[in-house]
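Now for the letters of each chain:
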Amino acid sequence: SVFDTGTCYQQAKRVLHAAVPDRLHARERETGIIRQFLRDHVCGRHPGSLYISGPPGTGKTACLSRVLLDCKAELTGSKTIVLNCMALSSPAGIFPAMAQELGLPGAAGREGVRRLEKKLTAQGPMVLLVLDELDQLESKGQDVLYTLFEWPQLPGSRLVLVGLANALDLTDRSLARLAACPTGSPQLLHFPPYTREQLTAILTERLGQVAGDPVLDAAALQFCARKVSAVSGDARKALDVCRRAVEVVELEVRSQTLLKPLPGGEC
């Protein structure tokens, strides 16, 4: 029936959304490194920092979200704060946002930073601070980034910092001073762009969740993967392109169905 055909396209569009899947294809190594970092530092009560870089749509946020979900039980004894720096009106806005999450009364400027520092070096559970879009915190003199990355190095610190950004060289460019301190440099993890084969596998895996005949054929998926990998290797772009393709197919089938009923019409 037409209804069945419709649900099949709805399902296809749903699986092509950039949600966090149960398993991240071609990111087993990165997932393992993030999981081990959290175990060593948060569960092992050993303050430190991790800087995750890579172009958009290479699975940075999805990977970290997956690990946080998988390690929920292990992280129950600590406090996890996840902030997207894009939502801040200025780099210094990160401090009041953190204070609010930690239940501190808001204080502006130096006083606010001092209170946060005192809180993060006092007795208590480990604090895991995840900052997405970290490059938004670049400021004159890089004082905001330096302050954040120096906090895990303070005596008695209980902060574990994980920053995600598109820029590969953010640490070289903005945090060069940290390298001078033997324990100061964050651990680095880079997510390379997805290859054509990896993108094809991701799209095939997603659409494989829809019952019945394939909505898009293998040649279409290969073509999409080839085009996207040549430009960016961005999995979100590939998912978007396929979702639009499904919409086009759906419209064509709908218009044909309005003209004459399809025999059987099963999807």
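Residues numbered from 1 in each chain as written. Predicted model: local features only at pLDDT ≥ 70, side-chain atom pairs only at ≥ 80, totals over all residues. Heavy atoms only, no water.

Colleague: Teacher, can you tell me more about the domain arrangement of the protein here?
Modeller: Accessible area lost on assembly of the parts is the figure often given for the size of an interface. Examined at the domain level, the protein breaks down into domain 1 (1-19 + 194-259) and domain 2 (28-190). For domain 1 versus domain 2, the separation of C-alpha centres amounts to 36 Å. Taken together, the two surfaces of domain 1 and domain 2 that pack against each other cover about 350 Å², and 46% of this comes from carbon and sulfur. Contact with domain 2 buries surface across domain 1, with Tyr194, Asp234 and Arg236 losing the most and accounting together for 76% of the total. For the interface between domain 1 and domain 2, the tally reads 0 salt bridges. (Domains from an automatic or database assignment. Buried area = accessible area lost by both parts, 1.4 Å probe. Salt bridge = Lys/Arg side-chain N within 4 Å of Asp/Glu carboxyl O.)

Colleague: Please clarify how the environment of Cys242 should be interpreted in this entry.
Modeller: Residue placement: Cys242 occurs in helix 11 (residues 235-259). Sequence spacing of Cys242 and Leu207 is 35 residues, and the spatial spacing of their C-alpha atoms is 9.7 Å. (Helix = DSSP H or I, 4+ residues; strand = E, 2+ residues; numbered from the N terminus.)

Colleague: So what exactly am I meant to see when it comes to the packing of helix 2 (residues 28-43) against helix 3 (residues 60-70) here?
Modeller: Angle between the axes and distance between the axes are the two parameters that describe a pair of packed helices. Viewed as axis vectors pointing N to C, helix 2 and helix 3 meet at an angle of 50 degrees, and their least axial separation amounts to 10 Å. When the axes of helix 2 and helix 3 are compared, the pair comes out oblique. With respect to the hand of their crossing, helix 2 and helix 3 are arranged in right-handed fashion. For the pair helix 2 and helix 3, the contacting residues are Thr31, Ile34, Arg35 and Leu38 in the first and Cys63, Leu64, Val67, Leu68 and Asp70 in the second. Partitioning the contact of helix 2 with helix 3 into residue classes produces 6 nonpolar, 1 polar and 2 charged. (Axes fitted to C-alpha atoms, helices over the stretch in contact; angles between N-to-C directions. Parallel < 35°, antiparallel > 145°, perpendicular 65-115°, else oblique. Left-handed = near helix turned anticlockwise from the far one by under 90°. Contact = heavy atoms within 4.5 Å. Nonpolar A, V, L, I, M, F, W, Y, C, P; charged D, E, K, R; others polar.)

Colleague: I tried to follow the packing of aromatic side chains on my own but got confused; where do I start?
Modeller: The description of two aromatic rings rests on the distance between their centres and on the angle between their planes. With the rule as written, the count across this model stands at 1 aromatic pair. With a centroid separation of 5.7 Å and an interplanar angle of 65 degrees, the aromatic rings of Phe95 and Trp151 are classed as edge-to-face. Of the two residues, Phe95 is situated in helix 4 (residues 94-101) and Trp151 in the loop between helix 6 (143-150) and strand 4 (159-165); the sequence distance between them amounts to 56 residues. Assessed through its relative accessible area of 9%, Phe95 is described here as buried. Residue class for Trp151 comes out buried when judged on its relative accessible area of 2%. Over the ring of Tyr194 we find Arg27, and its NZ or CZ is 4.2 Å from the ring centre. (Phe/Tyr/Trp six-rings, centres within 6.5 Å; stacked < 30°, edge-to-face > 60°. Buried < 20%, exposed > 50% of the residue type's maximum accessible area, 1.4 Å probe, protein only. Lys NZ or Arg CZ within 6 Å of the ring centre and 35° of its normal.)

Colleague: Just to check I follow, could you spell out the sheet that holds strand 3 (residues 127-132) for this structure?
Modeller: In sheet architecture, strand pairing relies on hydrogen bonds along the backbone and comes in two forms, parallel and antiparallel. Ordered by their spatial adjacency, 5 strands build an open sheet running 2-3-4-1-5, and the pairing between neighbours is parallel. Strands with a single pairing partner mark the edges of an open sheet, and in this sheet they are strand 2 (79-84) and strand 5 (187-190). The average undirected angle you get between the axes of adjacent strands in this sheet is 15 degrees. Two strands pair when backbone bridges link them, and strand 2 and strand 3 are joined in this way by 6 bridges, in the parallel orientation. Counterpart to Val82 in the pairing with strand 3 is Val130. Helix 2 rests against strand 1 (48-53), strand 3, strand 4 and strand 5 of the sheet, and its axis sits at about 160 degrees to strand 5. (Pairing = 2+ DSSP bridges.)

Colleague: Help me understand the pairing of strand 3, please; the structure alone is not making it clear to me.
Modeller: Consecutive side chains of a regular strand alternate in pointing toward one face of the sheet and then the other. The buried fraction of strand 3 amounts to 6 of the 6 residues, a majority that puts the element mostly inside the structure. Residues Val127, Leu129 and Leu131 line one face of strand 3 and the alternating positions Leu128, Val130 and Asp132 line the opposite face, and both faces are buried. In this view, the connection linking strand 3 to its parallel neighbour strand 4 by way of helix 6 has right-handed handedness. (Right-handed = clockwise from strand over helix to strand, strands pointing away.)

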